[in-house]
Amino acid sequence: VHDDAGPPAGGGDDARDREVAWLFRHRYGELVRLAYLLTSDNALAEELVQEAFVATWRSWDKLRATEAAYGYLRATLVNLARMSLRRRMLELRHRIVRPEPVTEPDPSGELDLARAVAALPMGKRACIVLRYFADLSEEETARLLGVSVGTVKSSTHRALRDLERRLGQGLDDRAAAPRRQREEAGDEPT
Amino acid sequence: MSRPEFESRLRRSLAARASTATTSPDAWAAIERRKRRQRRGGLLLALAALAVAVVVAVPLIMVLGGGGEDQMPPAPATRAPATTTPPATTPAPGAGGATATSGPSSTTVAVRPSSVADPGAAVRAIGQQVAGDPVGAVSFTDAGGDNLVVLSSKTEQRPSQLAIGSEGTWVTLYADHFVTSGGRTRLARKVQDGVQDCTTDNQVDFKSRTPEIFDQDGDGVGEVLFGYTVACVGDISPIDLKILVLEGGDKYIMRGETYTSPGLGKEAYGRLPVGKPDPAWASWPKGTRALAERHWDQWAIRE
């Protein structure tokens with residue numbers, strides 16, 4: 001039971017409504033920001049988060065524990081974002097799309113990098129956002145996306161390389177360097 | 001830049017971009033509305049399942065029981081008192097915004113629409129503004145308060161970013177639904193759509209300049225119906241058609257394509273396949289499906 005009053009719950013004293021209201025109060029903004037990074041569309045992000053809240057409310061009885069609700073909510077949101085982007089891609093095939101407005105380069109590079117993330121394909125973008133914004137581990141990201149840990153590792157690695165290329169910066173991938181040297185020397189074990 | 005430095009920069013960038021996301025103050029109300037819709041949909045499903053069960057089970061029991069004729073005498077028939085509820089009607093498309101057709105309930109607040117002669121002045125009168133040039137509006141009073149729905153559009157021409165040396169046209173349509181209640185006006189729903197950088201013919205226009213108002217489900221909350229086409233084409237190929245119903249801030253939309261009629265007239269097509277609903281029909285306010293489909297038939301022919 002949470003002692004801080006959430007928004008007025010529609011179902012009166014229904015525990016499910018109270019818990020969802022508490023989640024809304026504490027997690028809504030954070031989830032909108034996550035959805036925004038996944039979709040690059042503020043209005044769509046809000047719609048998806050609201051949809052995820054309703055889905056969680058609907059499936060409340062199936063949750064193992066109320067502590068699992070936030071994980072369920074987040075997983076639902078990521079799935080909704082992926083489905084929504086797939087649908088939008090289909091729509092855009094029939095529509096002329098305005099190119100990204102030409103903007104002055106950001107001297108700090110922060111926004112340029114975020115824009116480059118937004119331009120990544122959904123799978124890679126989800127890995128980057130979940131790993132580096134939501135701070136999930138590789139295992140958690142894999143579970144949430146329904147893929148293997150290996151897929152998360154390779155997608156993240158490729159996404160970082162893409163970002164590096166797009167930004168035209170040299171990323172000193174020290175972890176990979178010894179492997180490359182071995183490959184070049186021709187002594188990579190077969 | 002080393003990997004840890006790059007990752008740290010990536011975290012900062014994502015945090016900076018995420019911080020630009022805004023949240024609507026009406027978010028909780030929107031969630032509550034969605035929940036109510038789910039409850040309503042669930043109830044309908046349960047009723048449908050019950051009806052199916054009755055239809056399937058009763059004959060089955062009769063067959064298994066040996067035919068039914070020699071069963072116990074039927075219970076005396078009980079009949080519910082006859083209701084005088086008139087059936088909901090669906091006025092013809094284009095009937096205008098000054099008509100509202102109510103559903104069966106007589107206990108709810110009546111939806112009373114009225115036409116708006118000067119949409120711009122009406123918007124200013126409630127201290128609001130719209131993004132485009134107003135093309136039409138309708139006001140109505142319902143259980144939620146005083147409503148004003150304004151259709152507006154904005155057209156801009158500037159050098160195309162797609163075809164060098166050409167002029168491109170940017171057309172955006174807006175529908176703003178304002179609700180005033182308790183002395184406070186809020187934007188219940190904003191719809192925005194259009195084409196960008198169109199270098200051929202833009203086919204972006206409302207099908208009717210005035211939204212139509214109904215109360216098909218008789219819940220005292222007005223349903224606003226309007227439609228528009230949105231396309232950038234240089235021929236007579238099918239273009240996107242959308243028909244929307246707004247109710248209490250909720251949006252219901254049919255998306256599909258027009259049909260090209262080379263002088264044959266609409267009769268040549270018979271009943272046209274309608275657009276796809278979003279959300280599914282079961283979630284739409286009662287009676288609005290027939291209404292939207294009827295408008296689709298009217299608007300989907302591209303002569």
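Refer to the structure above for everything that follows.
All figures in this text were calculated on a predicted structure; none of them were measured in a lab.

Just checking my understanding: could you explain the pattern of salt bridges for this structure?
Side chains bearing opposite charge may pair, as long as their charged atoms lie close to each other. The tally for this structure, following the rule as stated, stands at 14 salt bridges over all chains. With a closest N to O distance of 3.4 Å, Arg11(B) and Asp135(A) form a salt bridge. Here Asp135(A) lies in the loop between helix H5 (122-132) and helix H6 (138-145) and Arg11(B) lies in helix H1 (residues 3-18), a pairing that spans two chains. Among the salt bridges present, the one from Asp176(B) reaches Lys190(B), with a minimum N-O distance of 2.8 Å. Note that Asp176(B) is positioned in strand S4 (residues 167-181) and Lys190(B) in strand S5 (residues 184-198), a separation of 14 residues in sequence. By relative accessible area, which is 1% here, Asp176(B) ends up buried. Lys190(B) gets classed as partly exposed once you look at its relative accessible area, which sits at 36%. Where salt bridges share partners, they join Glu47(A), Glu51(A), Arg34(B) and Arg189(B) into one cluster.

What am I meant to see in the packing of aromatic side chains here?
Any aromatic ring pair is given by two values, namely how distant the centres are and how the planes are angled relative to each other. With the rule as written, the count across this model stands at 8 aromatic pairs over all chains. A ring pair is formed by Phe206(B) and Phe226(B), whose centres lie 6.3 Å apart and whose planes are at 65°; its orientation type is edge-to-face. Of this pair, Phe206(B) sits in strand S7 (residues 205-206) while Phe226(B) sits in strand S9 (residues 223-230), placing them 20 residues apart in sequence. Take Phe226(B): its relative accessible area is 2%, and that puts it in the buried class. An aromatic cluster of three or more residues is present, and its members are Phe24(A), Tyr28(A), Phe53(A) and Trp28(B). Here the guanidinium or amino end of Arg27(A) rests over the ring plane of Tyr70(A), the centre of that ring lying 3.9 Å away. Over the face of the ring belonging to Tyr132(A) we find Arg131(A), whose NZ or CZ atom lies 5.8 Å from the ring centre.

Before we go on, may I ask you to explain the nonpolar core in this structure?
In a soluble, globular protein the nonpolar side chains are often hidden away together inside. Ranked by internal contacts, the top residues of the largest apolar core, which has 57 residues, are Phe53(A), Ile128(A), Leu163(A) and Leu10(B). Here this core gets 12 residues from one element, more than from any other, and that element is helix H1 (residues 15-39) of chain A. Excluding residues within four positions of it along the chain, Ile128(A) makes contact with Val117(A), Leu120(A), Phe133(A), Thr156(A), Ala159(A), Leu160(A), Leu163(A), Leu10(B) and Leu14(B). By size, the runner-up hydrophobic cluster in this structure holds 22 residues, among which are Leu173(B), Val224(B), Cys232(B) and Leu246(B).

I keep staring at the state of the cysteines and nothing clicks. Help me out?
Two cysteines joined by a covalent bond between their sulfur atoms form a disulfide. All names here are of chain B. Using the criterion set out here, one finds 1 disulfide over all chains in the structure. Each disulfide pairs two cysteine sulfurs, and for Cys 198 the partner residue is Cys 232, the sulfurs being separated by 2.1 Å. One quick way to see it: the torsion about the S-S bond of Cys 198 and Cys 232 is about 90°, and its sign makes the bridge right-handed. Here Cys 198 is found in strand S5, whereas its partner Cys 232 is found in strand S10 (residues 232-233), with 34 residues between them in sequence.

Explanation requested: the pairing of strand S3 (residues 145-159) of chain B in the structure shown.
In summary, the side chains of a regular strand alternate between the two faces of the sheet. Residue and element names in this part refer to chain B. Both strand S2 (residues 133-142) and S3 contribute to a ladder of 9 bridges, which runs antiparallel. What sits directly across from Val 138, in S3, is Val 149. In this antiparallel pair of consecutive strands, S2 and S3, the connection spans 2 residues. When S3 meets S4, the two strands line up antiparallel, connected through 14 bridges. Pairing of Arg 158 across the sheet is with Gly 168, part of S4.

Parameters at a glance
All residue numbers refer to positions counted from 1 along the written sequence of the respective chain. Working convention: letters from A go to chains and numbers from 1 go to ligands, in the order in which they are written. pLDDT decides what is reported in this predicted model: residues at 70 or higher carry local features, side-chain atom pairs at 80 or more are listed and counted, and totals for whole chains, interfaces and linings draw on all residues regardless. By convention in this description, side-chain values take in all heavy atoms of the structure and omit both hydrogens and water. Basic side-chain nitrogens of Lys or Arg form a salt bridge, by our definition, when they fall within 4 Å of a carboxyl oxygen of Asp or Glu. Counting from the N terminus, the helices are DSSP H or I runs at least four residues long and the strands are E runs at least two residues long. Each residue is assigned to one of three classes by its accessible area relative to the maximum for its type, calculated with a 1.4 Å probe on protein chains only: buried under 20%, partly exposed between the two thresholds, exposed over 50%. For Phe, Tyr and Trp, where Trp contributes only its six-membered ring, two rings pair if their centres lie within 6.5 Å, and the inter-plane angle classes them as stacked under 30 degrees, edge-to-face over 60, or tilted in between. Comment: the charge-over-ring label is applied if NZ (Lys) or CZ (Arg) is within 6 Å of the ring centre and within 35 degrees of the ring normal. To form a nonpolar core, buried Ala, Val, Leu, Ile, Met, Phe, Trp, Tyr and Cys residues must be joined to one another through side-chain atoms within 4.5 Å. Here, two residues are considered to be in contact whenever any of their heavy atoms come within 4.5 Å of each other. A pair of sulfur atoms, both from cysteines and within 2.5 Å, is called a disulfide here. Any two strands are treated as partners once DSSP identifies two or more bridges connecting them.

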